[in-house]
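Here is how the chains run, residue by residue.
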Amino acid sequence: MLKIRNYNGAEQVFDPVRKKWVAFTEEEKVRQFFILRLINELKIPASHISIERKITLNGLTKRYDIVVYKTAVPWMVVECKAPHIPLTQEVIEQAGRYNQTLNAEIIGVTNGAEERFFKIDFEAGDITSVTL
């Protein structure tokens, strides 16, 4: 269940991973509901989830939305978009670019209404669509 408050006229949500109140934007709603799904349905401990951290990609500083770790190694990279943003090939490629640095087994994108996830077999060079 999300904890929501009104602070100085703006809606905020408590992020259980970052352990702080953040602005409850459209993209943040998608991120927070996905975090709840990771914790409640997939039984991933909050301590294995990383939110909005900086990475360096081709000399540029970028910030990913969600990375899930298994045994201290990135397992899944998720790019969250606001509900009105379609999950285009460009959005999927954004998650893929972040994964060039992270080398996670699964990449995915979600806008809350739709989601697309892919499993990457680095040895075989195969990418297959998967359902969480």
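Residues numbered from 1 in each chain as written. Predicted model: local features only at pLDDT ≥ 70, side-chain atom pairs only at ≥ 80, totals over all residues. Heavy atoms only, no water.

A. Molecular detail of helix 1 (residues 26-40). Between its terminal C-alpha atoms helix 1 stretches 21 Å, which fits the 21 Å expected from 15 residues at 1.5 Å a residue. Of all the positions in helix 1, only Glu28, Val30, Arg31, Gln32, Phe34, Ile35, Leu36, Arg37 and Leu38 are classed as buried. (Helix = DSSP H or I, 4+ residues; strand = E, 2+ residues; numbered from the N terminus. Expected span 1.5 Å × (residues − 1). Buried < 20%, exposed > 50% of the residue type's maximum accessible area, 1.4 Å probe, protein only.)

B. Representation of the sheet that holds strand 11 (residues 126-130) in the model. Taking strand neighbours across the sheet as the criterion, the six strands line up as 4-7-8-9-10-11 in an open arrangement whose pairing is mixed. Edge strands, defined here as strands with exactly one partner in the open sheet, are strand 4 (49-51) and strand 11. Strand-to-strand twist of the sheet, defined as the mean angle between neighbouring strand axes without regard to direction, takes the value 20 degrees. Note that strand 10 (residues 115-121) and strand 11 share five bridges and pair antiparallel. The residue of strand 11 that forms the bridge with lysine 119 is threonine 128. (Pairing = 2+ DSSP bridges. Axes fitted to C-alpha atoms, helices over the stretch in contact; angles between N-to-C directions.)

C. Just unusual backbone geometry, in detail. Although it is not a glycine, asparagine 58 sits at a positive phi angle of roughly 55 degrees. By secondary structure assignment, the location of asparagine 58 is in the loop between strand 5 (54-57) and strand 6 (60-63). For asparagine 103, which is not glycine, the phi torsion reads 55 degrees and is therefore positive. When you line up the elements, asparagine 103 lands in the loop between helix 2 (89-102) and strand 9 (106-110). By relative accessible area, which is 44% here, asparagine 103 ends up partly exposed.

D. Summary view of the side chain of aspartate 65. As for its placement among the helices and strands, aspartate 65 is situated in the loop between strand 6 and strand 7 (66-70). A relative accessible area of 3% places aspartate 65 in the buried class. Polar side-chain contacts of aspartate 65 include one of 2.6 Å to the side chain of arginine 31. (Polar contact = N/O pair within 3.5 Å; in protein donor to acceptor, adjacent residues only side chain to side chain.)

E. Here's a closer look at helix 2. With 14 residues, helix 2 should reach 20 Å at 1.5 Å per residue; the first-to-last C-alpha distance of 20 Å fits that figure. Residues of helix 2 that are buried include every one of Val91, Ile92, Gln94, Ala95, Tyr98, Asn99 and Leu102, and no others. In a view along the axis of helix 2, the buried residues occupy a sector of 150 degrees, so they form one face of it. Exposed positions of helix 2 whose direction lies more than 90 degrees from the buried face are Gln89, Glu90 and Gln100. Each element contacted by the buried residues of helix 2 is listed here: strand 5, strand 6, strand 7, strand 8 (73-80), strand 9 and strand 10. (Arc of directions from axis to C-beta. Contact = heavy atoms within 4.5 Å.)

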